[in-house]
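Examining the three-dimensional arrangement
Residue-level listing of the chains:
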Amino acid sequence: MRYFEILDQVLNYHPGANIALLEKAYVFTAKVHQGKVRLRGETYLNDPLAVAGTLALMKLDEETIAAGLLHDVIEEQCATMQDLEENFGTDVARIVQGVTKLGQLDFSRREERQAEYMRKMVLAMSADVRVLLVKLADRLHDIKSLPCQMNEAQKLFAQETRDIYAPLAGRLGIEWMKQELEDLSFRCLEPESWHKITQGLAKNEKDRRQYIDDVKQILTAKLEENGIQGKVSGRPKHLFSIHLKMMRQDMDLRRIYDLIAFRIIVDSVKACYEALGMVHAEWGPVPGRYKDYIAKPKSNMYQSLHTTVVGPYNDPMEIQIRTEEMNRIANEGIAAHWLYKEGARPSAADKQETQRFSWLRELLDWNKEWRDPKTFFDVAKIDFYSDEVYVFTPMGEVKVFPRGATPVDFAYEVHTEVGHRCVGARVNGKLVPLRYELQNGDTIGILTAANHRPSKDWLKFVKTTKAINRIRHWMKAEEREHSIARGKELCEREFRKKGLNFHNLVNSPELLEVARAFSLRTVDDLLASVGYHKTTPNQVLNRWPSAAADEGLEKEEIVPVEKRKSAPPDEGIKVLGVDDVMMRMAKCCNPVPGEEIIGYITRGRGITVHRVSCRNLGKGDWERKIEVQWDSGKDQTYPVDIKVVYSGDRGMLATLSGVLGQYDAKIIGIQPGPRTNDFNVCRLTIEVKDTNHLSRVLSTLRAEKGVYQVQRYME
């Protein structure tokens, strides 16, 4: 189509069009493409003129047609976005930019599910519906120009046209374009089948024309008899639909009888149903082949009555019945909507899809206010699937995410371990932060590190349920591991005080028995409970079986008094009826003269001396206990642990040491405790002679300035 023909077409349906804009766009594109020739031999200018011509035939506004003339100037690096904005305005520039972005998408995967994702991605990227209309017009011209002998890239182009763009034309209601894109793609992809069908149809073309004329005469006469105003047309079905039917029903062309579809156009919805009754009265309907798309329109607002009847020659034939307005909407789709004054809202047959396109139906009610195509498209700004984002993997697979999703969401969608080890991302080849929000059409690559682990901060920006659950699960598992380690450490410390080697007991049946006593399934559950501070190590010890307690008492490693530079361990204690026996002072209770004591016989290690009130004794075997008493004739000292809470003043420990020295209570060990802003806590091991000596020492320490608490440390 030549430029002046495009101009005449536009002025024919839109006399007030901005011709200056079209003139400027034509001159610009002719200048930047001057002298350029495509590989197939035609000039570059033919393509923008063909695209603009298709858009004019669709009766679109001048901005869309100008964008059609300029649609490839950014892609061919003949102009920038800024150039187009300065010369043609923001709307034209954005349409061209949108078409360019769609052209950069890589639809390398051909699975059915992926094709649907790709179609949604194209819709999602077409915030202005005119972007998609220009792209469809461009694709139509390109597929027409493909040679019969194609290379692999051209075959992929044809496949993409059939799988992605033809269904999109149907989604927008542009049926004629959908059929043409399908037939042209069919010719390119399956030339043998295409030639077979075209040649088969050509052989019977004369008979088919006669059949169409006969049926049209019958239907026209019946309309007049019933007082219905209407017209009848007949046409062969398009080639690709015939091919699909042959494949579905596994039959050749000679056995397919409903190759021709007849259409009755009437002046009202009421007349549609009257015409349907007339057709069924004349010819018997085929059961199951009646569709009422008037009462329940398709999601693209297509409306019509479809029925298949056994025709005058006993062959099935399809008849479509619709109004003039329905026919124009069916043929031109979105592009036609600005022309019409009335229209019924579609039903909720497919509620979600209907809602996405419902704005188009509403625009029909506003026609009295928006009378020119430019104004229509000013309000027809859309964001299909605005709640979703469609992106590519490096292998070309499409992934779908909620709006606002990040590379971390993408990483977890690929694999949980990829998500856990994600340290960065490349989007379209450029490094981006993990908080980057994915955009439609992005190609995402994830950078990982073997030793990296998830961050709790990720939960602040990830959007997918999968990512949130995987991060939380990892955090919970990590916290459990830390709790088990912490619980083990606490138990080891407490068991060691009782002379038990927890490391040797951790896998023992006894510890599992303790865990089950707390209604826990495993030892790890018990250790985690201790680590979470839900259970104390002392509670674990209190549940320890008696046999294990005996073993613990036998293995108790109490530092002998002789090693504390005191009297030999067998001095100061008498065992009734027994002489020359090795004795040890129990570290768990550190008895001193004046307290009631008892001995416990351990295998091979003599007698351990405990205070009668020692809790450790309650777990032992009473038959192995033996009476002992203090030897009052011995003058020696005994270790005692005390807890001191004092102020944070410097030099306080030196002061305490001096006080203890005055009372002959020597400090033989210091163990710092937890510290706060106001207080220090320490555990002092001192030597005293008896309970009276200990009482005087404790009273003196409590009276010292800066000391808030002094008490004997009891295990």
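Here goes a summary of the coordinates provided. Everything quoted here is computed from the prediction, not taken from an experiment.

**Thoughts on the packing of helix α3 (residues 46-57) against helix α4 (residues 62-69)**
- Following both chains from N to C, one finds α3 and α4 inclined at 160°, their axes separated by 7 Å at the closest point. Between α3 and α4, the crossing angle belongs to the class labelled roughly antiparallel. Where α3 crosses over α4, the two elements pack in a sense that is right-handed. The residues of α4 that touch α3, namely those facing P48, L49, V51, A52, L55 and A56, are T64, I65, G68 and L69.
- Here the contact of α3 with α4 is built from residues that sort into eight nonpolar, two polar and no charged.

**Observations concerning helix α22 (residues 509-517)**
- Within the sequence span of α22, burial applies to L511, V514 and A515. What you see down the axis of α22 is that its buried residues fit within an arc of 100°, all on one side. Among the exposed residues of α22, those oriented more than 90 degrees off its buried face are P509 and R516.
- Buried residues belonging to α22 abut α21 (502-505), α23 (523-531) and α24 (537-542).

**A word on the nonpolar core**
- Within the largest apolar cluster, 61 residues are counted, with the highest numbers of intra-cluster contacts made by I65 and L84.
- For this core, the element with the most residues is helix α8 (residues 129-144), which contributes eight residues.
- Counting 30 residues, the second-largest nonpolar core is a separate cluster that includes M583, M585, I626 and A665.

**What about a nonpolar patch on the surface?**
- On the surface, V269, Y273 and Y290 cluster together into a nonpolar patch covering about 250 Å² of accessible area.
- Looking at the element boundaries, Y290 is found in the loop between α14 (269-282) and β3 (291-292).
- Take Y290: its relative accessible area is 37%, and that puts it in the partly exposed class.

**Here we look at the pattern of salt bridges**
- Evaluated as defined, the whole model comprises 17 salt bridges.
- Taking the shortest distance from any N to any O, the salt bridge between E180 and K144 comes out at 3.3 Å. One end of the pair, E180, is in helix α10 (residues 175-189); the other, K144, is in helix α8, and 36 residues separate them in sequence.
- What makes K144 partly exposed here is its relative accessible area of 43%.
- One continuous salt-bridge network, built from bridges that share partners, spans D61, E63, D91 and R130.

**Focus: the sheet that holds β3**
- Strand order in the open sheet made by the five strands is β1-β2-β5-β4-β3, with mixed pairing throughout. Looking at strand neighbours, the two that pair on one side only are β1 (230-236) and β3, the edges of this open sheet.
- Each of β2 (260-266), β3, β4 (305-310) and β5 (316-323) is contacted by α14, which is oriented at about 160° to β5, the strand it contacts most.

**Structural notes on the pairing of β4**
- For β4, a buried count of five out of six residues is recorded, marking the element as mostly surrounded by other parts of the structure.
- Of the pairings in the sheet, the one linking β3 to β4 comprises two bridges and is antiparallel in character. Bridge pairing in β4 links D292 to L305.
- By the bridge criterion, six bridges tie β4 to β5 in an arrangement that is antiparallel. Among the inter-strand pairings, T307 is bridged to a residue of β5, identified as I319.
- Remark: five residues form the turn of the hairpin made by β4 and β5, two consecutive strands paired antiparallel; N314 in that turn has positive phi of roughly 60°.

Thresholds, definitions, all that
Residues numbered from 1 in each chain as written. Predicted model: local features only at pLDDT ≥ 70, side-chain atom pairs only at ≥ 80, totals over all residues. Heavy atoms only, no water. Axes fitted to C-alpha atoms, helices over the stretch in contact; angles between N-to-C directions. Helix = DSSP H or I, 4+ residues; strand = E, 2+ residues; numbered from the N terminus. Parallel < 35°, antiparallel > 145°, perpendicular 65-115°, else oblique. Left-handed = near helix turned anticlockwise from the far one by under 90°. Contact = heavy atoms within 4.5 Å. Nonpolar A, V, L, I, M, F, W, Y, C, P; charged D, E, K, R; others polar. Buried < 20%, exposed > 50% of the residue type's maximum accessible area, 1.4 Å probe, protein only. Arc of directions from axis to C-beta. Core = buried A, V, L, I, M, F, W, Y, C linked by side-chain atoms within 4.5 Å. Patch = residues over 30% accessible without salt bridge, like charges linked within 9 Å, V, L, I, M, F, W, Y side chains within 5 Å. Areas by Shrake-Rupley, 256 points an atom, 1.4 Å probe, with all protein chains shown as cover. Salt bridge = Lys/Arg side-chain N within 4 Å of Asp/Glu carboxyl O. Pairing = 2+ DSSP bridges.

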